[in-house]
2 protein chains.
Amino acid sequence: MSWRKDQGRAERGYHHGNLKEALLQAALDLISKKGPAGFTFADAARMAGVSPAAPYRHFRDRDELIASIAQRGFEQFESLLTQAWDDGRPDTVTAFERVGKAYLAFAREEPAFYSAMFESGLPPDANPTLMAASERAFAIIRAAAERLAALAPPGMPRPPAMMMALHIWSMSHGVASLFGRGDAARRKLPMSPEDLLEAEVLIYLRGLGFRTDQRPGTATADDKPAGEKAGPWGKPK
Amino acid sequence: MSWRKDQGRAERGYHHGNLKEALLQAALDLISKKGPAGFTFADAARMAGVSPAAPYRHFRDRDELIASIAQRGFEQFESLLTQAWDDGRPDTVTAFERVGKAYLAFAREEPAFYSAMFESGLPPDANPTLMAASERAFAIIRAAAERLAALAPPGMPRPPAMMMALHIWSMSHGVASLFGRGDAARRKLPMSPEDLLEAEVLIYLRGLGFRTDQRPGTATADDKPAGEKAGPWGKPK
DNA sequence: GGCTCATGTAAAAGCCGTTCACATGAGCTG
DNA sequence: CAGCTCATGTGAACGGCTTTTACATGAGCC
């Protein structure tokens, strides 16, 4: 094994060498275990093997650490969404749904990031760079909505892309925050959050005139809503 | 003026006489000012004019106070939703939208309740009576969805009412929690949260086959989606 | 080799949550 | 009304957290 500055205590001189990173990592652990409210600056310091005052060399205060985590969270989030969107391949609707799934997956698999980003109660205006990171993540959803809106069936009023993006975001965030996290699932559900969100988005898209019952090719106009086929919630028995 | 046990200190013997109520009230004030995380047991005691130990005669600990507030919140919420639903008068769709508006209004006007209910990070299973209150509130939405589902246009698969209810809830919560609170509005919006949610729900309902462009009478089947009329987001200029 | 400055420590102040022994007095009992 | 009791409030104390300040250390540069 080739460790040198591993966790806990082990071998370490007066200087840690990588404290900032260690603190962020520790904070992530703690937040995912006890939520952003239960997380403690002193605990993170302890976990990194330094005195309670040491973190102040790297973060103005506890809030700034949380903001840093939120910032990283938005960056990872953006990259995940970008990847899921994959510039709309193989077709716009499929890619769009993949983005929704990625949203939930992130909330589920990175609960610490997610709560730092959305449930930490930080004043959003206080931190311009954080705000910017959040905007960049949202921009992915917005770009996807833009492409989708362009495909809206002719003969219908074209939905504003920004509004669509906000709708999708609110659905995703709503599902994630009410039912999303696996470990401390807030409520019993008759279906998985993923399925719930997928159905929600499909119904919504159908409300905009998209045909969503068939996937091959690009989405096209649809003058009859889904006919006799099963709805997006599965077979009605 | 006829005060006797008013706030602050003023005239008061050894016993407060109404401490539990005073604490709940103080907590509401503080939570709405500084969020459920910033709220402090000692602060509430101070505001009620008692020693920091006094609250423990009425609440096992800080969490129980917050849970009490959440409980009351759910009760008020339930009553508000019931009133808004008004048993589906004058017609199901109108009443349904009124419920959505009531949801947002509650989040906006009672931010303290709302955060205690949804953002306090309390383990939901820890408190059965709290859980029950929350279920009762959700039951209103569910009942409304049930009625709406019964009106689903024939010839289309009937959407499960429970799923509809969950969808509506997630939309409402998503909008409320991302854009809802007026005082510390989290993000800039091109429209009001109310309009945003209304459009979202209308599009969703249309996706289920409801005609939503006209209100008079009860919702009926619709074999053509909204024709050339303006969408739920207003005139497309 | 010696300087400097980023990085860490120790100690302390002030706050909070929580507990415990004790004080008070409201309301019942007779 | 006297006296008892018990719910309710107090004061003091413990441990933990955040944050500040003065001081220590040693990595990197000349």
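Cut-offs used in this document
- Residues numbered from 1 in each chain as written.
- Chains lettered and ligands numbered in written order.
- Predicted model: local features only at pLDDT ≥ 70, side-chain atom pairs only at ≥ 80, totals over all residues.
- Heavy atoms only, no water.
- Helix = DSSP H or I, 4+ residues; strand = E, 2+ residues; numbered from the N terminus.
- Buried < 20%, exposed > 50% of the residue type's maximum accessible area, 1.4 Å probe, protein only.
- Contact = heavy atoms within 4.5 Å.
- Areas by Shrake-Rupley, 256 points an atom, 1.4 Å probe, with all protein chains shown as cover.
- Near = heavy atom within 4 Å.
- Polar contact = N/O pair within 3.5 Å; in protein donor to acceptor, adjacent residues only side chain to side chain.
- Nonpolar A, V, L, I, M, F, W, Y, C, P; charged D, E, K, R; others polar.
- Phe/Tyr/Trp six-rings, centres within 6.5 Å; stacked < 30°, edge-to-face > 60°.
- Domains from an automatic or database assignment.
- Buried area = accessible area lost by both parts, 1.4 Å probe.
- Salt bridge = Lys/Arg side-chain N within 4 Å of Asp/Glu carboxyl O.
- Axes fitted to C-alpha atoms, helices over the stretch in contact; angles between N-to-C directions.
- Parallel < 35°, antiparallel > 145°, perpendicular 65-115°, else oblique.
- Left-handed = near helix turned anticlockwise from the far one by under 90°.

## What to know about the overall build of chain A
Then step 1. Assigned secondary structure in chain A consists of eight helices and zero strands.
Then step 2. Reading the helices (α) and strands (β) of chain A from amino to carboxyl end gives α-α-α-α-α-α-α-α.
Then step 3. Taken across its 237 residues, chain A has 49% of its residues classed as buried.
Then step 4. In chain A, once contacts between residues fewer than 6 apart in sequence are set aside, the share between residues at least 24 apart is 66%.
Then step 5. Carbon and sulfur atoms provide 53% of the accessible area of chain A, an area that totals close to 11,300 Å².

## Re the protein's contact with DNA strand C
Then step 1. Taken together, 24 residues sit near DNA strand C, with Tyr14(A), Ser51(A), Arg57(A), His58(A) and Ala42(B) positioned nearest.
Then step 2. When the atoms of DNA strand C within 4 Å of the protein are sorted by group, sugar and phosphate make up 59%.
Then step 3. Phe41(B) places a polar main-chain atom, nitrogen or oxygen, 2.8 Å from a phosphate oxygen of DNA strand C.
Then step 4. A distance of 2.7 Å separates a phosphate oxygen of DNA strand C from a polar backbone atom of Ala42(B).
Then step 5. Broken down by element, the surface near DNA strand C gets its largest block of residues, three residues, from helix α2 (residues 41-48) of chain B.
Then step 6. Here the residues of the surface near DNA strand C are counted per class, giving eleven nonpolar, seven polar and six charged.

## Focus on the packing of aromatic side chains
Then step 1. Using the criterion set out here, one finds 20 aromatic pairs over all chains in the structure.
Then step 2. For the ring pair Trp169(A) and Phe179(B), a centre distance of 6.0 Å and an interplane angle of 75° mean the geometry is edge-to-face. Highlighted residues: Trp169(A) in helix α7 (residues 161-180) and Phe179(B) in helix α7 (residues 161-180), drawn from two different chains.
Then step 3. Its relative accessible area of 4% is what places Phe179(B) among the buried residues.

## Some thoughts on the domain arrangement of chain A
Residues and elements named next belong to chain A.
Then step 1. When its domains are assigned, chain A resolves into domain 1 (15-59) and domain 2 (62-207).
Then step 2. Facing twelve residues of domain 1, the contacting portion of domain 2 comprises 13 residues.
Then step 3. The three residues of domain 1 that bury the most area against domain 2 are Leu28, Pro36 and Phe59, which together make up 39% of that side's buried surface.
Then step 4. Arg72 serves as the salt-bridge partner of Glu21, at 2.8 Å between the closest nitrogen and oxygen.
Then step 5. No other element matches the eight residues that helix α1 (residues 19-38) contributes to the side of domain 1 that touches domain 2.
Then step 6. Residues belonging to the side of domain 1 that touches domain 2 are distributed by class as follows: nine nonpolar, two polar and one charged.

## Examining the packing of helix α3 (residues 62-85) of chain A against helix α5 (residues 111-118) of chain A
Residues and elements named next belong to chain A.
Then step 1. Close contact between α3 and α5 brings their axes to 8 Å; oriented N to C, the two are set at 110°. The orientation of α3 relative to α5 falls into the category roughly perpendicular. Where α3 crosses over α5, the two elements pack in a sense that is left-handed. From α3, Ile66, Ile69, Ala70, Arg72, Gly73, Phe74, Gln76 and Phe77 reach across to α5, where they touch Phe113, Ala116, Met117 and Phe118.
Then step 2. When its residues are assigned to classes, the contact of α3 with α5 shows nine nonpolar, two polar and one charged.

## Remarks on the environment of Gln83(B)
Residues and elements named next belong to chain B.
Then step 1. Along the chain, the position of Gln83 falls in helix α3 (residues 62-85).
Then step 2. For Gln83, a relative accessible area of 60% translates into the label exposed.
Then step 3. A sequence separation of 87 residues divides Gln83 from Ser170, and the C-alpha atoms of the two residues are 21 Å apart.

## Things to note about the protein's contact with DNA strand D
Then step 1. Not every one of the 24 residues close to DNA strand D is listed here, only the nearest: Ala42(A), Arg46(A), Ser51(B), Arg57(B) and His58(B).
Then step 2. In the model, a phosphate oxygen of DNA strand D is placed 2.8 Å from a nitrogen or oxygen of the Tyr56(A) side chain.
Then step 3. If you tally residues by element for the surface near DNA strand D, the top one is helix α2 (residues 41-48) of chain A, at three residues.
Then step 4. For the surface near DNA strand D, the residue count by class is eleven nonpolar, seven polar and six charged.

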